[in-house]
Amino acid sequence: MFYREAGDFKTSYADDSQTFPIAFDRYRYYFVLAVGLGIIPFVITDYWASAILIPFLIYAIAAIGLNILTGYCGQVSLGTGGFMAVGAYTSYKLMTAFPWMDMVTITLLSGAMTAMVGVMFGLPSLRIKGFYLAVATLAAQFFLVWLFNKVPWFYNYSASGQITAPERLLFGHAVTGPNAEAWVKYLFCFAFVFVLAWVARNLTRGAIGRQWMAIRDMDIAAEIIGVNPLRAKLSAFAVSSFYVGIAGALLFTVYLGAVEVGEAYGIQKSFLVLFMIIIGGLGSLFGSFAGAAFMVLLPVALKVLLVDTMGWDTALATHFQFVIVGGLIMFFLIVEPHGLARLWSLAKEKLRLWPFPH
Amino acid sequence: MKKLLTTVAAGAMLTSPAFADLMFPDLSYRTGPFAASGTPFSDGYQDYFTLLNQRDGGIGGVPVRVVECETAYNTERGVECYEATKGDGALVYQPLSTGITYQLIPRATADGIPLHTMGYGRTSAVNGEVFSHVFNYPGNYWDLASVMINVLLDENGGSLNGKSITLLYHNSAYGREPIRTLEALSAQHGFTLNLLAVDSPGQEQGNQWLQIRRERPDYVLFWGWGVMNQVAIQEAINIRYPLENFIGNWWAGADHDVASAGQAAAGYRALNMNRLGDMPVFAEIQQHVIDAGLAAGDGTNLGLVLYTRGMYAAMLAAEAARTAQEIHGVADITPAMMRDGMEALEMTNARMESLGMPMIGPEFAVSCADHGGTGRAIMTQWSGTEWVTLTDFIAPDDSVTGPLVLEDSAAYAAEAGITPRNCNES
């Protein structure tokens, strides 16, 4: 009834090609922004920030990054954890070497450094594809983790090999370190998510995004119609790694504060982000957010439900979490192999016809 | 077990903060590759508090409430557990994970909640002038490394010159901690030190043991945890490495580590921070907790190495709470008071005897400057059927670890922007 194009007239090309052409969608988007900026920062608690919102925002960036590479450009990557580690260790080195540098610059530089590393490990993608490329990026994962363990310069020769984020201020408020307040950390991540998602949306529907999708759909055909595979694939690796690096940097500086590479950025992190985009939906920005929310929120929600509300034994609840999360993943993939994003768009299709489906 | 936890948790929810109680969070791990080590510790930790509630009505008349939170030895889950429980009046955190400890040191200090990392965590937290809210009595990794070398010195007539020693360690903050001390000791005593890292969780150790077989080091020192321990012991047996020269630290000397190898593992040695064997307190736990159906686990872990250690950890926490009650004259203490109690904690043989655990740990007194205890450890050996205590408490070489602690804590203070407090003034 409310959700339909009818009567929503466009009078310019800009209006016609906007991200949310349907008025209701647009209002919903503004509503989410308004809640995210106008309400949540004032009511956020430490628990909500540290356990739910900040990890969700950070993993959303990582999922968008991987989605650009895998969902839009069709290059499978299992090196996400390693690339996140590059972002984290770049931030750490920059934070300790240049204490005057502000966190925005540090985070962006960490992304840039990761983009360079990503391009380097993306070179094999020009010759190999599919599973073979997955194995090559898997090598990146293991190599990078090994490197950050092996070379003490990366962790400033500390006894334990842990890196710890020192306190850094932004506009007079601590963003990192134990004294950072929940709303500052939240807004910092929110700003990054907003800008990066906005950039990703416009990249993917512009010329370069179309090149990526052409490569994904059939690389030989794309080459014949004039897409340069070198440029398309390497730019996908660069942009994707930039996002993933920023996510890794934020995970270390804002969220965890102290990190050990093998534990925080191991192979399981690569799989986690890959699951996020598979469940959320390949080649969809909404899917990146939905997948991140699913993988971050579900374990916490189950814990709250099973342990805190129903009073189950913690070990039993944790085991059941695996069963339930695994079961839900299978359920979603059987019912809708294209992920939550597809379910969402199906729901929207239905809404357009409601209340008079034919 | 499920029924009990249900009642405990349900009771925990019914008990709103209006009732006075002492809340001890238990960041346990009963799932994942480290569950074998985490489960008995958590059982011991919870059962002792249950015993206090059942027998004495709590600590100083105030009942104890234990809130369990599963971390699976994962730092992100650990942070979630910390944030979920800290607002509930948590008195002291004992995460039983060096990785989670590193996360919690700045957070807990900022929130004013003490952190007790007995025999693990950040070693330089011994320096109370820098780490105001972190305690690691009765010992730490550097003491442990030093005790190991002292034992070997003793066995080799006071000289390790020309010997080769390999450190086989879990490739994490936990395993890397002793390296600095061992390097200093190696320079001092003239032995060569080889480092062999095993990636977490440690089920894959073929390469490392191949290297040990090739190099045949005189001694292998072992920093393992969870599933890694039994794999290492099996591998040592497979390559016929003389097991009495394979020495585990106090996290690698539990019953389940050697049980699967059984007789074949006879001779394997490990240090321990607490004494083993039968103690009067076990009979009381059996009577008041297990027979009453209130045990945290299924009751089979009673008296095992890590169960005893978990119980010891709970006892130290309970004694610190009691000390805090005495200092402040308040029964329902706050985390800040708990911190004062931990800093004033003094364990004497008489006190341990009266608690039904005679000589369970070394005597020590915590002070403002020294949060580390004595660092003494006993040597135990697996006979094939049980752990046999070989020695009394052995002292570490403080002249080696002392300067390292000062150096590392100064580096942390500089990095984190902490001005060390002066303990001599007040």
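Presented here is a report on the structure given in the accompanying data block. A quick note: this is a predicted structure, and the numbers were derived from the prediction, not measured.

Turning to helix H2 (residues 23–43) of chain A, a few remarks are in order. Taking 1.5 Å per residue as the helical rise, H2 of chain A with its 21 residues ought to reach 30 Å, and the 29 Å between its terminal C-alpha atoms agrees with that figure. At Val-35 of chain A, H2 of chain A shows its maximal kink, close to 30°.

Glancing now at the sheet that holds strand S6 (residues 192–198) of chain B. All names here are of chain B. Here seven strands make up an open sheet; going across it, the order is S6-S5-S7-S8-S9-S12-S13 and the pairing mixed. Where the open sheet ends on each side, the last strands, each with one partner, are S6 and strand S13 (387–389). Within this sheet the neighbouring strands show an average axis-to-axis angle of 25°, counted without direction. As paired strands, strand S5 (residues 164–170) and strand S7 (residues 219–223) are joined by five bridges and run parallel to one another. Bridge pairing in S7 links Ile-165 to Tyr-219. Contacting S5 and S6, helix H7 (residues 179–189) runs over the sheet at an angle of about 160° to S6. Relative to the sheet, helix H8 (residues 206–215) contacts S5, S6 and S7, its axis offset from that of S6 by approximately 160°.

Attention shifts here to the pairing of strand S12 (residues 378–382) of chain B. Residue and element names in this part refer to chain B. With respect to burial, S12 is a largely interior element, five of its five residues being buried. Neither face of S12 is open: one carries Ile-378, Thr-380 and Trp-382, the other Met-379 and Gln-381, and all of them are buried. Of the strand pairs in this sheet, strand S9 (residues 269–272) and S12 are connected by four bridges, and their pairing is antiparallel. Its bridge partner being in S12, Ala-270 is matched across the sheet by Thr-380. Where S12 meets S13, three bridges bridge the pair, whose relative direction is antiparallel.

Cut-offs and rules
- Residues numbered from 1 in each chain as written.
- Chains lettered and ligands numbered in written order.
- Predicted model: local features only at pLDDT ≥ 70, side-chain atom pairs only at ≥ 80, totals over all residues.
- Helix = DSSP H or I, 4+ residues; strand = E, 2+ residues; numbered from the N terminus.
- Expected span 1.5 Å × (residues − 1).
- Bend = angle between axes of the 7 residues up to and from the residue.
- Pairing = 2+ DSSP bridges.
- Axes fitted to C-alpha atoms, helices over the stretch in contact; angles between N-to-C directions.
- Contact = placed C-beta atoms within 7 Å.
- Buried ≥ 20, exposed ≤ 12 C-beta atoms within 10 Å, placed from the backbone.

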